[in-house]
Amino acid sequence: MENSKLYNLNMERGVLSAILFEPILLDEIGSKLESSHFYLPNHAHIWDAMQTLHRSQKPIDEEFLRVVLQKKNNYIESVLLEIMSANPISNRDAYIEALVGYRQKRNMINLSMQIRKEIENDISAEELIANTTTKLEEIAKGGVLKLKKIPIETIVAEKPEFWCKDWLPIPVGVATMISGIGGTGKGWLALQLALRLAKEGKKVYLWFSEDVAPLVKDRYDAIKKEILIGDYYNELIDITDEPPVFLLDIDGYSAKISDKFYGVKRELNEYDVILFDPLLAFYGGDENGNSQARVFMQPFMDWAKANRKAIVFLHHSKKDGGGFRGAGAFMDAMRSGYEVETHTIKMNGKDIPDPSKLHLKRITLLKDNYGASLHIKHQVDRHLTPAKSAKAFEVVYEDEGGGSPLPDDNSVLSTENLLDLPIL
């Protein structure tokens, strides 16, 4: 069948003929087509021979093609004659797009057969959907690369959009990172952020992989009772404490986004804001590997941009504070980044948490590509935990080798109280 819905041999001949009579076109067409775009195997062989001659800087003509094809026993004179006698093409882009489209249809036919085979092998529906989604996206990526060329003067300017901009500005359509060393209150901040976002009508999903749901609910209730007093709850916040799933597959030196990512994306696509805590629990790659980190982050960036979502990752700071831990590619992908720190005072030459500010945390804007600084100062204090139940700590006296607990849940120690403590 010459004009099938899955191929068109005349078009294939036309493209090959254009290159044969104007070899310089291979620089343009060669970046858009591969041998698999040609349905007829003999056409694919000729395409590969043309590429071989081009790389060797040899003429792409009948004689040289014959030599290359004969070496691999792929020379059929009648096929080459048909190409040489084909009608010249005028709109190359249209022909290229058509050949790409035909290959995509053939790939989808092959995919449908694979789906049937997997069903017969009794694969689970969830895995089948994930596999199919991955393969469909791969097929889609094999389409023609068309770059938009928009005169900049025709574009209507827009300011970056932020949610919760009066408390902790979160840019829309991109990813944000919130980091801190252990115990600085990132989880408390995430809950309060969720409540404030819900008040703005945003639907929020919190994946706390390190804290059980009842503990999260206890903190949530404390925030509503003692910090955000008022009608903040409107059933727009969902959480889970299920174990995290690695969303990056590592195979030797190569990495690709896991099929599970597409399952997560499908399940959570109804939410405006999705928060993952912590980032590394979902990563599964080399924490300091930039190439793997880029592969991991790109699908989240694409997801946020295409669906106007805010993706938020909680992450760990360096042990001594002062920056995000791990590969720089993580932070490169983020459009904004905050660091949470505990206020400290000096005691016996050591930094210890400031008892008067246990409930307050210092938030520093470390990365600001979208202009969050227009809405928040570079460094601010935020009330994250109830003042009467802020985490207690111990002051250790060197001569005693023991500790004295500071204060109980019914009082808050101020800096003035510190004057009454023995300083050795």
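Residues numbered from 1 in each chain as written. Predicted model: local features only at pLDDT ≥ 70, side-chain atom pairs only at ≥ 80, totals over all residues. Heavy atoms only, no water.

Structural notes on the overall build of the protein
For step 1, the next point in the chain: For the protein, the count of helices and strands is 13 helices and 16 strands.
For step 2, the next point in the chain: Buried positions account for 44% of the 424 residues belonging to the protein.
For step 3, the next point in the chain: A separation threshold of at least 6 residues defines the contact pool for the protein, and within that pool the share at least 24 residues apart is 69%.
For step 4, the next point in the chain: Looking at the protein as shown, the accessible area adds up to about 23300 Å², and 51% of this sits on carbon and sulfur atoms. (Helix = DSSP H or I, 4+ residues; strand = E, 2+ residues; numbered from the N terminus. Buried < 20%, exposed > 50% of the residue type's maximum accessible area, 1.4 Å probe, protein only. Contact = heavy atoms within 4.5 Å. Areas by Shrake-Rupley, 256 points an atom, 1.4 Å probe, with all protein chains shown as cover.)

Focus: the environment of Ala18
For step 1, the next point in the chain: Within the secondary structure, Ala18 sits in helix α1 (residues 9-21).
For step 2, the next point in the chain: By relative accessible area, which is 14% here, Ala18 ends up buried.
For step 3, the next point in the chain: Distance from Ala18 to Ala86, taken between C-alpha atoms, is 8.9 Å for residues 68 residues apart in sequence.
For step 4, the next point in the chain: Once you skip the residues sitting within four places of it in the chain, Ala18 turns out to touch Leu25 and Ile89.

Examining empty space enclosed by the protein
For step 1, the next point in the chain: The final tally for this structure, using the stated rule, is three cavities of 30 Å³ or more.
For step 2, the next point in the chain: Space inside the second largest cavity adds up to approximately 30 Å³.
For step 3, the next point in the chain: The wall of the second largest cavity is formed by Gly187, Trp188, Leu191, Phe208, Asp211, Val216 and Arg219.
For step 4, the next point in the chain: When contributions to the lining of the second largest cavity are tallied by element, the ones reaching two or more residues are α8 (186-199) and α9 (213-226).
For step 5, the next point in the chain: Among the elements that line the lining of the second largest cavity, the one with the most residues is α8, at three residues.
For step 6, the next point in the chain: Of the residues in the lining of the second largest cavity, the class split is four nonpolar, one polar and two charged. (1 Å grid on protein atoms, 1.4 Å probe; cavity = no way out; pocket = protein on both sides within 12 Å on 5 of 7 lines; lining within 4 Å. Points joined across faces, edges and corners; volume = space filled by probe spheres on them. Nonpolar A, V, L, I, M, F, W, Y, C, P; charged D, E, K, R; others polar.)

Focus on the nonpolar core
For step 1, the next point in the chain: Ranked by internal contacts, the top residues of the largest apolar core, which has 40 residues, are Leu168, Ile178, Leu189, Leu193, Leu206, Ile237 and Tyr338.
For step 2, the next point in the chain: Among the secondary structure elements, those contributing two or more residues to this core are β1 (162-163), α8, β4 (204-208), α9, β8 (273-277), β9 (310-316), β10 (336-342) and β13 (360-368).
For step 3, the next point in the chain: With nine residues, α8 is the largest single contributor of residues to this core.
For step 4, the next point in the chain: In this structure, Ile178 is in contact with Leu168, Lys186, Leu189, Leu193, Val312, Phe313, Leu314, His315, Tyr338 and Val340, ignoring residues within four places of it in sequence. (Core = buried A, V, L, I, M, F, W, Y, C linked by side-chain atoms within 4.5 Å.)

Some thoughts on the packing of helix α3 (residues 41-55) against helix α4 (residues 62-71)
For step 1, the next point in the chain: The N-to-C vectors of α3 and α4 enclose an angle of 110°; their axes lie 9 Å apart at closest approach. One element, α3, and the other, α4, form an angle in the roughly perpendicular class. In the packing of α3 onto α4, the handedness of the crossing is right-handed. Here His45, Ile46, Ala49, Met50 and Leu53 of α3 come into contact with α4, specifically with Phe64, Leu65, Val68 and Leu69.
For step 2, the next point in the chain: For the contact of α3 with α4, a count of residues per class yields eight nonpolar, one polar and no charged. (Axes fitted to C-alpha atoms, helices over the stretch in contact; angles between N-to-C directions. Parallel < 35°, antiparallel > 145°, perpendicular 65-115°, else oblique. Left-handed = near helix turned anticlockwise from the far one by under 90°.)

Here we look at the packing of aromatic side chains
For step 1, the next point in the chain: Going through the model one piece at a time under the given rule, you end up with 16 aromatic pairs.
For step 2, the next point in the chain: Aromatic side chains Tyr7 and Tyr39 sit 3.9 Å apart centroid to centroid with 0° between the ring planes, which places their arrangement in the stacked category. Taken together, the residues span a long stretch of sequence, with Tyr7 in the segment before α1 and Tyr39 in the loop between α2 (26-29) and α3 at a distance of 32 residues.
For step 3, the next point in the chain: Each ring, one from Phe261 and one from Tyr262, has its centre 5.4 Å from the other, and the planes form 80°; the classification is edge-to-face.
For step 4, the next point in the chain: Overall, the relative accessible area of 8% leaves Tyr262 in the buried class.
For step 5, the next point in the chain: Feature note: the residues Trp207, Phe261, Tyr262, Phe276, Phe282, Tyr283, Phe296, Phe300, Trp303, Phe313 and Phe330 constitute an aromatic cluster, connected by ring pairs.
For step 6, the next point in the chain: Directly above the ring of Tyr271 sits Lys203, whose terminal nitrogen or CZ lies 5.2 Å from the centroid. (Phe/Tyr/Trp six-rings, centres within 6.5 Å; stacked < 30°, edge-to-face > 60°. Lys NZ or Arg CZ within 6 Å of the ring centre and 35° of its normal.)

Some points on α8
For step 1, the next point in the chain: Here α8 is 14 residues long and its end C-alpha atoms lie 20 Å apart, about the 20 Å a rise of 1.5 Å per residue gives.
For step 2, the next point in the chain: Within α8, 13 of the 14 residues are buried, leaving the element largely enclosed by the surrounding structure.
For step 3, the next point in the chain: The positive-phi residue at the C-terminal boundary of α8 is Gly201, with phi of around 90°. (Expected span 1.5 Å × (residues − 1).)

Topic: the pairing of β4
For step 1, the next point in the chain: Here β4 lies mainly inside the structure; five of its five residues are buried.
For step 2, the next point in the chain: Two elements, β4 and β8, share five bridges in a ladder whose sense is parallel. Bridging across to β8, Val204 finds its partner in Val273. (Pairing = 2+ DSSP bridges.)

Concerning a nonpolar patch on the surface
For step 1, the next point in the chain: There is a patch of nonpolar side chains on the surface, built from Ile150, Ile152 and Ile155 and spanning about 320 Å² of accessible area.
For step 2, the next point in the chain: Relative to the elements of secondary structure, Ile152 occurs in the loop between α7 (125-141) and β1. (Patch = residues over 30% accessible without salt bridge, like charges linked within 9 Å, V, L, I, M, F, W, Y side chains within 5 Å. Salt bridge = Lys/Arg side-chain N within 4 Å of Asp/Glu carboxyl O.)

Things to note about the confidence of the model for the protein
Keep in mind that low pLDDT regions are not for reading the predicted coordinates in detail.
For step 1, the next point in the chain: Considering every residue of the protein, the mean pLDDT works out to 85; 88% of them sit at 70 or more.
For step 2, the next point in the chain: Of all secondary-structure elements in the protein, the lowest mean pLDDT belongs to strand β15 (residues 394-397), at 38, while strand β2 (residues 170-171) reaches the highest, 98.
For step 3, the next point in the chain: Note that pLDDT drops below 50 for residues 391-424; the model gives that stretch 53 contacts with residues more than four away or on any other chain. (pLDDT = per-residue confidence, 0-100.)

Concerning the pattern of salt bridges
For step 1, the next point in the chain: Under the defined criterion, the tally for this structure stands at 15 salt bridges.
For step 2, the next point in the chain: Measuring nitrogen to oxygen at the nearest pair gives 3.4 Å for the salt bridge that ties Arg92 to Glu28. Taken together, the residues span a long stretch of sequence, with Arg92 in helix α6 (residues 92-120) and Glu28 in helix α2 at a distance of 64 residues.
For step 3, the next point in the chain: Glu28 sits in the partly exposed class, given a relative accessible area of 27%.
For step 4, the next point in the chain: Glu270 is the salt-bridge partner of Lys203, the closest N and O atoms lying 2.6 Å from each other. Note that Lys203 is positioned in the loop between α8 and β4 and Glu270 in the loop between α10 (259-268) and β8, a separation of 67 residues in sequence.
For step 5, the next point in the chain: On the accessibility criterion, Lys203 (23% relative accessible area) is partly exposed.
For step 6, the next point in the chain: In the salt-bridge network here, residues are joined through shared partners; they are Glu62, Glu63 and Arg66.

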